[in-house]
Amino acid sequence: MSAGIERIKTGIPGLDELFYGGIPKRNIVLLSGGPGTGKTIFSQQYLYYGLQQNEPGVLVTLEEHPVQVRRNMSTFGWEVRKYEENGTFAIVDAFTGGIGESAKREKYIVKSVDEVTELVDVIRQAIKDIRAERVAIDSVSTLYLTKPAMARGVLMQLKRVLSGLGTTALLVSQVSVTERGFGGPGVEHAVDGILRLDLDEIEGELIRSLIIWKMRGTKHDLHRRPFEITDRGIVVYPNKTIRTRGEAIRIVEQSNQGGEENE
Ligand SMILES: Nc1ncnc2c1ncn2[C@@H]1O[C@H](COP(=O)(O)OP(=O)(O)OP(=O)(O)O)[C@@H](O)[C@H]1O
Ligand SMILES: [Mg+2]
């Protein structure tokens, strides 16, 4: 049994019970999915929950302006300003390159992401300054889109600092709508866990679901579970499952823990 290990709760309603209490501490988890599947919201929710539990967090943004990140988070009621001011939350700006008026107000800026060393140095500094326990990087795909052969090397560098400093991290990985993988073999085997978010069209309606593909150090649920994005963030339905048969997908309500569903 893995009952004795330390776990980090995502705080996402319905999700933690799927890994028997939370993500094993120091695991580096790939959060993989197509466009609009909820990866950014998921990682922000994970960090904000931590802040409420006195677990400091670092958000590394590579795809959105830090100003936009704060604004988007506040639409879910996740106000990070006060945590930035009291030194328990930091945004690492790896988006603007330090260019622009508002970028000048950012404390942690990565000038160029072509050289991963600089990125890793800034992340390390931010983690140490605020004693971060949670980190999210949105997204790591940006770091090796044009050079897939570098993916594993980049991942291992990040993993060493993230896990080495004791954090439990989410690495957002972008995949195309049709791709079955999670971001390439170099990445998939290097990480400790893989969470896959999906969006499928069922009878003209887009249905969200997630599946835990791997999670080192713990037993975990193996079903595809539907979730929703609400005004308060992501809500997972741990007792519902989604069945695929060829191209057909349907949601079924589980009647008991044994997993038998009502037809
Ligand atoms: N307040 C809200 N209520 C319900 N759904 C929302 C709300 N805000 C955003 N969404 C949904 O969340 C989606 C965006 O989620 P998110 O930004 O996390 O996606 P992503 O996986 O990061 O996508 P990308 O790979 O393009 O960055 C929107 O397309 C929308 O469907
Ligand atoms: Mg995103």
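On a predicted model such as this, the values are computed, not experimentally measured, just so you know.

**Here we look at the pairing of strand E4 (residues 57-61)**
Two faces belong to every sheet, and in a regular strand the side chains alternate between them. For E4, the tally of buried residues reaches 5 of 5 residues, placing the bulk of the element in the interior. By the alternation rule, side chains of E4 split into Gly57, Leu59 and Thr61 and Val58 and Val60, which are all buried. Both E4 and strand E5 (residues 89-93) contribute to a ladder of 5 bridges, which runs parallel. Note that in E5 the partner of Val58 across the bridge is Ala90. The sheet contact formed by E4 and strand E7 (residues 134-138) spans 5 bridges and is parallel.

**Here's the deal with helix H6 (residues 151-164)**
Every α-helix carries 3.6 residues per turn, so stepping three or four residues along brings you back to the same face. Spanning 14 residues, H6 covers 19 Å between terminal C-alpha atoms, matching the ideal 20 Å at 1.5 Å per step. The positive-phi residue at the C-terminal boundary of H6 is Gly166, with phi of around 85°.

**So, the confidence of the model for the chain**
Averaged over all residues, the pLDDT of the chain is 92; the fraction at 70 or higher stands at 93%. The low-confidence segment residues 257-263, where pLDDT is below 50, has 10 contacts with residues more than four positions distant or belonging to other chains.

**Concerning the site of ligand 1**
Neighbouring ligand 1 are Gly33, Pro35, Gly36, Thr37, Gly38, Lys39, Thr40, Ile41, Gln174, Ile229, Thr230 and Asp231. Elements with a contribution of two residues or more to the shell around ligand 1: helix H1 (39-52) and strand E11 (225-230). Of the residues contributing to the shell around ligand 1, the split by class is 3 nonpolar, 7 polar and 2 charged.

**Some thoughts on the environment of Leu199**
You can see Leu199 is positioned in strand E9 (residues 193-202). In sequence terms Leu199 and Gly34 are 165 residues apart; their C-alpha atoms lie 7.7 Å from each other. Aside from chain neighbours lying at most four places away, what touches Leu199 is Gly34, Gly36, Thr37, Leu206 and Arg208.

Procedures and definitions
- Residues numbered from 1 in each chain as written.
- Chains lettered and ligands numbered in written order.
- Predicted model: local features only at pLDDT ≥ 70, side-chain atom pairs only at ≥ 80, totals over all residues.
- Buried ≥ 20, exposed ≤ 12 C-beta atoms within 10 Å, placed from the backbone.
- Helix = DSSP H or I, 4+ residues; strand = E, 2+ residues; numbered from the N terminus.
- Pairing = 2+ DSSP bridges.
- Expected span 1.5 Å × (residues − 1).
- pLDDT = per-residue confidence, 0-100.
- Contact = placed C-beta atoms within 7 Å.
- Near = placed C-beta within 6 Å.
- Nonpolar A, V, L, I, M, F, W, Y, C, P; charged D, E, K, R; others polar.

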